Amino acid sequence: MRKWQIPSFGIDSLELLDGDSTEPKLGHVLVRVHAVSLNYRDLMVVKGLYNPRLKMPRVPCSDGAGEVVAVGPLVTGFTPGDRVAGIFMQNWAEGTLTAAKSKEALGGDIDGMLATEVVLRASGLIKVPEHLSYAEAATLPCAAVTAWNALFSAETKPGDTVLIQGTGGVSIFALQFAKMAGARVLGISSSDEKLARAATLGLDAGLNYKTNPDWEKWALEMTGGEGVDLVVEVGGSGTLPRAIKAVRPGGTIAQIGVLSGAAEVGATEVIDVRPILSRQVRIHGVYVGSRADFAAMNKAMAQARLKPVIDSVFPFAEAPAALRRMESASHFGKIVISVE
């Protein structure tokens, strides 16, 4: 087997190593990885911005899909040949998140998926929809489950208005799931070209925040002064103040990302908490989701034959270049690394 690992922080520090294939032990499964997808978290991990005290060396990347090669003793539900993906937090099977369930996140607490083979607990795997390729299935564990959780923990329903920020993985999945649910979707981006492309996926209206920075006023105008039902908030502290102004009284902000901490979206402002109180805005922190959330999402995607949007595919040997693509913030949808 081969694997990429971080011996020290920095994209240029990544090293590609040969290793021995490992037989699965009790309750574990050996998976031949076919594809890995990138999240902004992976870039932060590699650069040392996510956890400066990360134990190294560490194999990065939380999201990957592949084929079951062998199963260990007492494993049920999986057989060689099954198409699977790892769940983001290996301990979170169902229910609400706890401190214990948040441990062992792939590509952070434990080694991730950027390898030709991985051994994971059977409880940390899930079968992927049959209509998806391995590259498409690899995009699901973090971005797709996060978007799913953001929308449906807020009980998004037909006729609701959802606001997405940017055109990265979570935002595009949120667009697709919101349209699947019958919602209206507004979107902001720094690129007119990306907004036009999002329109082909169902975006109802878009605004370039570079030329029109007061996007919260636009959101109010687009909703007759009421505000949107849900903001899928990937910006963080730089965009949250505007999100609070854009959401309707009693509406929800699904707080997911920290992109604006890296000057990705919007401008940093002091957060005034008074509108949160007076308008009873619900701010819901979303940290991916459970295996049960993943299963519910897979069922819906299979029924709708929904396909992820892939920006680009890099060979396994060019994993650092894929991370550079993520770093450039020029992608639309998901960046994938092929391990074929």
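Position numbers for residues count from 1 along each chain, tracking the sequence in the order it is written. Predicted model: local features are reported for residues with pLDDT of at least 70 only, side-chain atom pairs are reported and counted for 80 or more only, and whole-chain, interface and lining totals are derived from all residues. Side-chain numbers come from the whole structure's heavy atoms, not from hydrogens or water.

Novice: Describe the layout of surface pockets, with residues and values.
Specialist: Empty space left among the atoms is revealed by rolling a probe the size of a water molecule over them. Here a cavity is any set of points on a 1 Å grid over the protein atoms alone where a 1.4 Å probe fits but cannot get out, and a pocket is any open set with protein on both sides within 12 Å along at least 5 of 7 lines; a residue lines the site when it has an atom within 4 Å of a point. Grid points are joined across faces, edges and corners, and a volume is the space filled by probe spheres set on the points. Reported here for the second largest pocket is a volume of approximately 390 Å³. The wall of the second largest pocket is formed by 19 residues, among which Asp111, Gly112, Val118, Val119 and Leu120 lie closest to the centre. Broken down by secondary-structure element, the contributors of at least two residues to the lining of the second largest pocket are β3 (28–37) and β6 (117–121). Helix and strand labels come from DSSP, where a helix needs a run of H or I of at least four residues and a strand needs a run of E of at least two; each type is numbered from the N terminus. Considering every element that reaches the lining of the second largest pocket, the biggest residue donor is β6, with five residues.

Novice: So what's going on with the pattern of salt bridges? Which residues, and what values?
Specialist: For this analysis, a salt bridge means a side-chain nitrogen from Lys or Arg found within 4 Å of a carboxyl oxygen belonging to Asp or Glu. Going through the model one piece at a time under the given rule, you end up with 18 salt bridges. Arg242 is paired through a salt bridge with Glu216; the nearest N and O atoms lie 3.0 Å apart. On the criterion of sequence distance, the pair formed by Arg242 in helix α7 (residues 240–246) and Glu216 in helix α6 (residues 215–222) is long-range, its members being 26 residues apart. For each residue, the accessible area found with a 1.4 Å probe, counting protein chains only, is set against the maximum for its type, and the residue is called buried under 20%, exposed over 50%, and partly exposed in between. In this structure Glu216 comes out as buried when scored by relative accessible area, which is 6%. Measuring nitrogen to oxygen at the nearest pair gives 2.6 Å for the salt bridge that ties Asp229 to Arg248. Here Asp229, found in strand β11 (residues 228–233), pairs with Arg248, found in strand β12 (residues 247–255); they are 19 residues apart in sequence, far enough to count as distant.

Novice: How would you summarise the packing of helix α1 (residues 40–47) against helix α10 (residues 319–328) if you had to cite specific residues and measurements?
Specialist: Relative orientation of the contacting elements α1 and α10 amounts to 110°, with a least axis distance of 10 Å. Looking at the two axes, α1 sits roughly perpendicular to α10. Between α1 and α10 lies a crossing of left-handed hand. Along its contact with α1, which presents Tyr40, Asp42, Leu43, Val46 and Lys47, the element α10 presents Leu323, Met326 and Glu327. Here the term charged refers only to Asp, Glu, Lys and Arg, the term nonpolar to Ala, Val, Leu, Ile, Met, Phe, Trp, Tyr, Cys and Pro, and the term polar to all other amino acids, Gly among them. Here the residues of the contact of α1 with α10 are counted per class, giving five nonpolar, no polar and three charged. Think of each axis as a best-fit line through the C-alpha atoms, taken over the contacting stretch in the case of a helix, with angles from 0 to 180 degrees between the N-to-C directions. Here the angle decides the label: under 35 degrees means roughly parallel, over 145 means roughly antiparallel, 65 to 115 means roughly perpendicular, and every other value means oblique. Take the far helix as the reference: if the near one is turned anticlockwise from it by less than a right angle, the crossing is left-handed, and if turned clockwise, right-handed. Any pair of residues with heavy atoms lying within 4.5 Å of one another is described as a contacting pair.

Novice: Give me the lowdown on the nonpolar core, citing residues and values where you can.
Specialist: Here the nonpolar core consists of buried residues drawn from Ala, Val, Leu, Ile, Met, Phe, Trp, Tyr and Cys, with membership extended through side-chain atoms lying within 4.5 Å. In this structure, Leu140, Val162, Ile164, Phe177, Val232, Phe294 and Met297 are the most contacted members of the largest nonpolar core, which totals 51 residues. Only α2 (134–137), α3 (140–152), β8 (161–165), α4 (169–180), α5 (192–199), β11 and α9 (291–304) provide two or more residues apiece to this core. Among the elements that make up this core, the one with the highest residue count is α3 (nine residues). Residues Val31, Leu114, Phe316 and Ile335 belong to the second largest nonpolar core, which totals 36 residues.

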